[in-house]
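# Fold and geometry: a report
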Protein chains: 2
Amino acid sequence: MERYLVISTDCHAGLPPGGYREYLDPQYRERFDVEIERQLEMARESRKSMLVEDINREWRRGREQDLTGAWDHDQRIKVLDGDGVAGEVVFCDGITENNSPPFGAGIGLSPVGADRELQWAGARAHNRWLAELCQMAPERRVGVAIVPATWDVDEAIAEVRWARANGLRSVMLPVVWGDHDPYHHPVYDPLWRICQELEVVVNFHSGAAESQHYFGRNWPPAPGGEPPLVGGMGIYVCEAVWVVARPLTFLIWGGVFERFPGLRVAVTEGTTSWVPHYLEHWDERYVDWHVTTKLGDYKSHLSMKPSDYFRRNVRLGTFLARREVVRRHEIGVENMMWGTDYPHPEGTWPQTHEMMTVSFEGVPHEELVAMLGGNAASFYRFDTEKLAPIAARVGPERGAIGD
Amino acid sequence: MERYLVISTDCHAGLPPGGYREYLDPQYRERFDVEIERQLEMARESRKSMLVEDINREWRRGREQDLTGAWDHDQRIKVLDGDGVAGEVVFCDGITENNSPPFGAGIGLSPVGADRELQWAGARAHNRWLAELCQMAPERRVGVAIVPATWDVDEAIAEVRWARANGLRSVMLPVVWGDHDPYHHPVYDPLWRICQELEVVVNFHSGAAESQHYFGRNWPPAPGGEPPLVGGMGIYVCEAVWVVARPLTFLIWGGVFERFPGLRVAVTEGTTSWVPHYLEHWDERYVDWHVTTKLGDYKSHLSMKPSDYFRRNVRLGTFLARREVVRRHEIGVENMMWGTDYPHPEGTWPQTHEMMTVSFEGVPHEELVAMLGGNAASFYRFDTEKLAPIAARVGPERGAIGD
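Quick caveat: nothing in here was measured; it's all calculated off a predicted structure. Numbers given to residues run from 1 along each chain, matching the order in which its sequence is written. Labels are handed out in written order, letters beginning with A for the chains and numbers beginning with 1 for the ligands. With pLDDT at 70 or above as the cut-off, local features in this predicted model cover only qualifying residues; side-chain atom pairs require 80 or more to be listed or tallied, and sums for whole chains, interfaces and linings still use all residues. Excluding hydrogens and water, the side-chain values take into account all heavy atoms of the structure.

## With respect to the overall build of chain A
In terms of regular secondary structure, chain A is built from 17 helices and eight strands. A globule of 403 residues ought to have a C-alpha radius of gyration of about 22 Å, and chain A, at 21 Å, matches this closely. In terms of principal-axis extent, the alpha carbons of chain A reach across some 60 × 55 × 45 Å. A sequence separation of at least 24 residues applies to 78% of the contacts in chain A between residues at least 6 apart. Here, Shrake-Rupley sampling with a 1.4 Å probe gives the accessible areas, and only protein chains in the shown set may cover a residue. For chain A, the exposed area adds up to about 14,800 Å²; of that, 51% sits on carbon and sulfur atoms. Numbering of helices and strands runs from the N terminus; a helix is a DSSP stretch of H or I covering at least four residues, while a strand is a stretch of E covering at least two. For the radius of gyration, the atom set is restricted to C-alpha positions; the globular benchmark scales as 2.2 Å times the number of residues to the power 0.38. Residue contacts are counted whenever heavy atoms from the two residues lie within 4.5 Å of one another.

What follows is the structure, encoded as structure tokens:
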């Protein structure tokens, strides 16, 4: 019986509140105790207006044990086996609002309103713990180190080196940069160079956006402040997808992939629906025509058209909805990678098999091999020989999904 | 012989340098003399690095007389007649970089880095002159008053009233808001109310964007400063289209069209290619599903799905390329309005007829009637009876374009 190798390119892990204390450099532990209180307070405030506590509590009921896989190695192996997943790319924020690294170093990573020193401290604490988690099953886990690179590129490079030396083969950079330099600025070139050289995948994961624009000046919510603006959440869920893909416009037009042809960039949990429109739009602007002639030469530093860089250097790691799979040839079968988002409630776990059945109906075998695990294996450099026996034991059966 | 009524929903007019002096309130005239010098200096700096003076000069050669239609009534009538255009919506910035209202009140209207009092003064100077220009041919011209609304809503409302009382039936608002309130904030509700009540069309015109992100900290270019970042212009030409459509996300999700169902908003010179993707994306986020459930209710203030508001309240005024016309049923024939961009070099003038021939090949008569002028006539409330004899004299012949 043949089984598919599934690699989830969007998984999350994080310690329960308080757990990060011992991973922090000692000088930050007192601040951490204050931070824990503040986080709890903010979570309470946030729940009043934004998150629906009932829905989340309901979703978690009966899954308490499985959700401890957010930080527990043995439980995590059991859950992923049960979900048919052999390999995973591991981001921070285990159960979203409950397991975020301290000091704003989580999935909402952003320099806006953050404290540079503390955010770095929080990121390093998570990276240390994550390295331990990944070392417990190095063939199955590619850990994503948090690197708040917009503060300081030298510090970012040092963290990339530390991550690589400690078995983490990927990094997550902020998707927003506030008043800092955007990613086409040459100041980042040494960072791209080291990522290319060490074969470290750069990830942009959906989360941060321009929330102060959506929710108003009292954001994040503070006790006694004004309620968030009506409509803010709708704007957020629409703009977040644009925000996470936005760095690509800067990297491509800035010539980053021209200078670093081996650099690999993943956009994670950002859907794939935008790809056909973006490629068309970028390429139109690249073709010399009437509308842009008066602006002079702005493309001779690029030897290929924008979509060529996208095809070569970029991959998308996310749940693939049926409507996206239907358009896979426009989006690019070779650019699409499945992600379960375990243990987040918006992910496919624990219905991954059912959702694959729906999404992939009629899709040929070779394309399934690519989207379920093949693309991810080569992009993140998984050792497929080591994964093969695991996939042969837990993967979805050929014929049960797809054509 | 039947001829089409053509209304160009994207035209530009502006005085030559120095001309705005007499339209300014007297207390700003000294500052204006300084500003003129600064503008010339900036234009020189800008030309060094960005705009290709040779290309622009070449394009203008032999068209000097026709280009004076940017400010001269008689010449303008002659040029538009010759281009087949009976009616027009008139924005600022006659010949782009040569005829911009003073103090940053032009097509790049933005509160970022601007002086509130001076920008208002520049806007009012242009509005006064534009009202005169439009009164010379009120049946043919809908003038677009400049309203830098993010500074102060009361001042904006007063300007809308002034504009309407002086024959200007449309306003242009900034497409970026910097640190000011975005357009879903209830502070703007009185502005939407007055625009709805006075039947004034709100326009967002492509121009301003987040240029300091694209070109670097030395933007706009100052003598002796660093050169702009490589790739900045490519990023600009891609992001500008997103930036000009971005307010729609805020207006729709903020419930503005729910509260003001008669409010009319045009997105100008922003292409139409993005529409199918945007509508799909907005509507997906509106449908209650798995991915967004944990965020709670964020849509019960909307009685329709986002694309319904778009179809009812929004129109697009721009050059319609062949590739857009081919997708017109996805984009929405009833939402598309032709624009020549006269007298800008990136527009269709003086090849409007030829470009219509290419764009509209095979398009049925009724759809042509809508896209060439019918949609614009009803949206901007042109008096089609008064325009009919002009169209019958200058419009493109039925059969010469389209099916």
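Moving on from the coordinates now.
## A look at the packing of helix α11 (residues 275-286) of chain A against helix α12 (residues 306-313) of chain A
Residue and element names in this part refer to chain A. Note on geometry: axes are C-alpha line fits, over the in-contact stretch for helices, and angles between N-to-C directions span 0 to 180 degrees. Between α11 and α12, the shortest axis-to-axis distance is 7 Å and the interhelical angle comes to 135 degrees. Classified by the angle between their axes, α11 and α12 sit oblique to one another. When α11 is examined against α12, the residues Val-275, Leu-279, Trp-282, Asp-283 and Tyr-286 are found in contact with a partner set consisting of Pro-306, Ser-307, Phe-310 and Arg-311. The residue classification treats Ala, Val, Leu, Ile, Met, Phe, Trp, Tyr, Cys and Pro as nonpolar and Asp, Glu, Lys and Arg as charged. All others, Gly included, are polar. In terms of residue class, the contact of α11 with α12 is made up of six nonpolar, one polar and two charged. Every angle not falling under 35 degrees, over 145, or within 65 to 115 is termed oblique; those three ranges are roughly parallel, roughly antiparallel and roughly perpendicular.

## Section: the nonpolar core
Side chains of a nonpolar character, in soluble globular proteins, are inclined to be buried together. In this description, a nonpolar core means a group of buried Ala, Val, Leu, Ile, Met, Phe, Trp, Tyr and Cys residues linked to one another through side-chain atoms lying within 4.5 Å. Throughout, exposure labels follow a simple rule: accessible area from a 1.4 Å probe, protein chains only, divided by the maximum for the residue type, with under 20% read as buried, over 50% as exposed, and the rest as partly exposed. In terms of nonpolar packing, the biggest core is built from 222 residues, with Leu191(A), Trp192(A), Leu191(B) and Trp192(B) touching the most fellow members. Once residues within four sequence positions are removed from consideration, Trp192(A) is found in contact with Leu173(A), Tyr183(A), Val202(A), Leu251(A), Val256(A), Phe260(A) and Leu263(A).

## A word on helix α2 (residues 53-60) of chain B
All names here are of chain B. Among the residues of α2, those classed as buried are Asn-56, Trp-59 and Arg-60. All buried residues of α2 project into a common sector of 95 degrees when viewed along the axis, lining one side. Summarising the contacts, the buried residues of α2 are in contact with α3 (64-67). Immediately downstream of α2, the backbone of Gly-62 shows phi near 85 degrees, a positive value. What the arc measures is the spread of directions leading from the helix axis to the C-beta atoms.

## Examining the relation of the copies chain B and chain A
Here the copies were fitted onto each other by least squares, based on C-alpha atoms from residues at pLDDT of at least 70 in both. Of the transformation superimposing chain B on chain A, the axial component is 0.0 Å and the angular component is 180 degrees, with the fit at an RMSD of 0.0 Å. These values place the two chain copies in the arrangement generated by a two-fold rotation axis. Among all C-alpha atoms of chain B, that of His277(B) lies closest to the rotation axis, at 3.4 Å. Comparing contact sets, 98% of the residues at the interface of chain B also lie at the interface in chain A, consistent with an isologous, same-surface contact.

## Some words on the packing of aromatic side chains
Residues and elements named next belong to chain B. Ring geometry is summarised as follows: Phe, Tyr and Trp rings, the Trp one being its six-membered ring, pair when their centres sit within 6.5 Å, and such pairs are stacked at plane angles under 30 degrees, edge-to-face over 60 and tilted between the two. Here the structure, examined in full by the defined rule, presents 45 aromatic pairs over all chains. Plain terms: the ring middles of Trp-274 and Tyr-278 are 4.9 Å apart, the flat faces sit at 65 degrees to each other, and that makes the pair edge-to-face. The same class applies to Trp-274 and to Tyr-278, which are both buried. Ring geometry for Trp-338 against Phe-360: centres 5.4 Å apart, planes inclined by 45 degrees, an arrangement best described as tilted. Residue Trp-338 is located in strand β8 (residues 336-338), and its partner Phe-360 is located in the loop between α15 (352-359) and α16 (365-379); the two are separated by 22 residues in the primary sequence. Each member of the pair, Trp-338 together with Phe-360, is buried.

## Concerning helix α5 (residues 116-135) of chain A
All names here are of chain A. One less than the number of residues in a helix, times 1.5 Å, gives the span that helix is expected to have. The terminal C-alpha atoms of α5 lie 29 Å apart, and with 20 residues this matches the ideal 28 Å at 1.5 Å per residue to within 8%. Within α5, 14 of the 20 residues are buried, which leaves it mostly tucked inside the rest of the structure. We call two N or O atoms a polar contact when they sit within 3.5 Å, provided that within protein one can donate a hydrogen and the other can accept it, with sequence-adjacent residues counted only if both atoms are side-chain atoms. By the N-cap criterion, in which a side-chain oxygen at the helix start approaches the backbone nitrogen of a residue two or three places on, α5 is capped by Asp-115, the distance to Glu-117 being 3.0 Å.

## Here's the deal with the packing of helix α6 (residues 153-165) of chain A against helix α7 (residues 189-197) of chain A
Residues and elements named next belong to chain A. α7 packs onto α6 with a crossing angle of 10 degrees between their chain directions and a minimal axis gap of 9 Å. When the axis of α6 is compared with that of α7, the two are roughly parallel. Contact residues: α6 offers Val-153, Ala-156, Ile-157, Val-160 and Arg-161, while α7 offers Pro-190, Leu-191, Ile-194 and Cys-195. Grouping the amino acids of the contact of α6 with α7 by side-chain chemistry returns eight nonpolar, no polar and one charged.

## What to know about the interface of chain B and chain A
Listed by partner, the interface residues are 63 residues for chain B and 62 residues for chain A. Between Lys or Arg on one side and Asp or Glu on the other, a salt bridge is scored when a side-chain nitrogen of the former is within 4 Å of a carboxyl oxygen of the latter. The interface formed by chain B and chain A includes 10 salt bridges. Ionic pairing is found between Asp181(B) and Arg217(A), a salt bridge with its closest N-O pair at 2.9 Å. Broken down by secondary-structure element, the contributors of at least two residues to the side of chain B that touches chain A are α2, α8 (211-215), α9 (232-253) and α11 (275-286) of chain B. Looking at which element gives the most residues to the side of chain B that touches chain A, the answer is α9(B), with 13 residues. Looking at side-chain class alone, the side of chain B that touches chain A contains 27 nonpolar, 22 polar and 14 charged residues.

## Quick look at the environment of Tyr298(B)
Residue and element names in this part refer to chain B. Inspection of the secondary structure puts Tyr-298 in the loop between α11 and α12 (306-313). Given a relative accessible area of 9%, Tyr-298 falls into the buried group. C-alpha of Tyr-298 to C-alpha of Glu-330: the two residues are 32 residues apart in sequence and 27 Å apart in space. Here the side chain of Tyr-298 touches Arg-285 through a polar contact of 2.6 Å, landing on its backbone oxygen.

## Considerations on the pairing of strand β6 (residues 265-268) of chain A
Residue and element names in this part refer to chain A. Here β6 shows a buried face lined by Val-265 and Val-267 and a second buried face lined by Ala-266 and Thr-268. Note on pairing: two strands pair once DSSP finds at least 2 bridges between them. Of the strand pairs in this sheet, strand β5 (residues 201-205) and β6 are connected by four bridges, and their pairing is parallel. From the neighbouring strand, Phe-204 faces β6, where its bridge partner is Val-267.

## Things to note about the sheet that holds β8(B)
Residue and element names in this part refer to chain B. Taking strand neighbours across the sheet as the criterion, the eight strands line up as β1-β2-β3-β4-β5-β6-β7-β8 in an open arrangement whose pairing is parallel. Each edge of the sheet is formed by a strand with only one pairing partner; in this case those strands are β1 (7-12) and β8. Between one strand axis and the next, the sheet turns through 25 degrees on average, direction left out of account. Two elements, strand β6 (residues 265-268) and strand β7 (residues 314-318), share four bridges in a ladder whose sense is parallel. Paired with Val-265 across the bridge in β7 is Val-314.

## Focus on unusual backbone geometry
Look at the link from Tyr342(B) to Pro343(B): it is a cis peptide, with omega at 0 degrees. Of note, Pro343(B) is situated in the loop between β8 and α15. For the bond running from Trp349(B) to Pro350(B), omega is -5 degrees, close enough to zero to count as cis. Positive phi, close to 55 degrees, is recorded for Thr271(A), a residue that is not glycine. In this fold, Thr271(A) is placed in the loop between β6 and α11. The backbone of Glu269(B) sits at a positive phi, close to 55 degrees, despite the residue not being glycine.

## What about the sheet that holds strand β8 (residues 336-338) of chain A?
Residue and element names in this part refer to chain A. Across the sheet, eight strands lie side by side as β1-β2-β3-β4-β5-β6-β7-β8; this open sheet has parallel pairing. For this open sheet the edge positions go to β1 (7-12) and β8, each flanked by a neighbour on one side alone. In this sheet, adjacent strand axes meet at a mean angle of 25 degrees when their direction is disregarded. Across the sheet, α5 lies against β2 (87-91) and β3 (141-146), angled at about 170 degrees from β3, the strand it touches most.

## Focus on the side chain of Thr9(A)
Residue and element names in this part refer to chain A. Considering the arrangement of structural elements, one finds Thr-9 in strand β1. Under the relative-accessibility criterion, Thr-9 is labelled buried at 0%. At 2.8 Å, the side chain of Thr-9 forms a polar contact with the backbone oxygen of Trp-338. Those residues within four positions of Thr-9 in sequence are excluded, and the remaining contacts are Val-89, Phe-91, Thr-268, Gly-317, Thr-318, Met-337, Trp-338, Gly-339, Ala-376 and Tyr-380.

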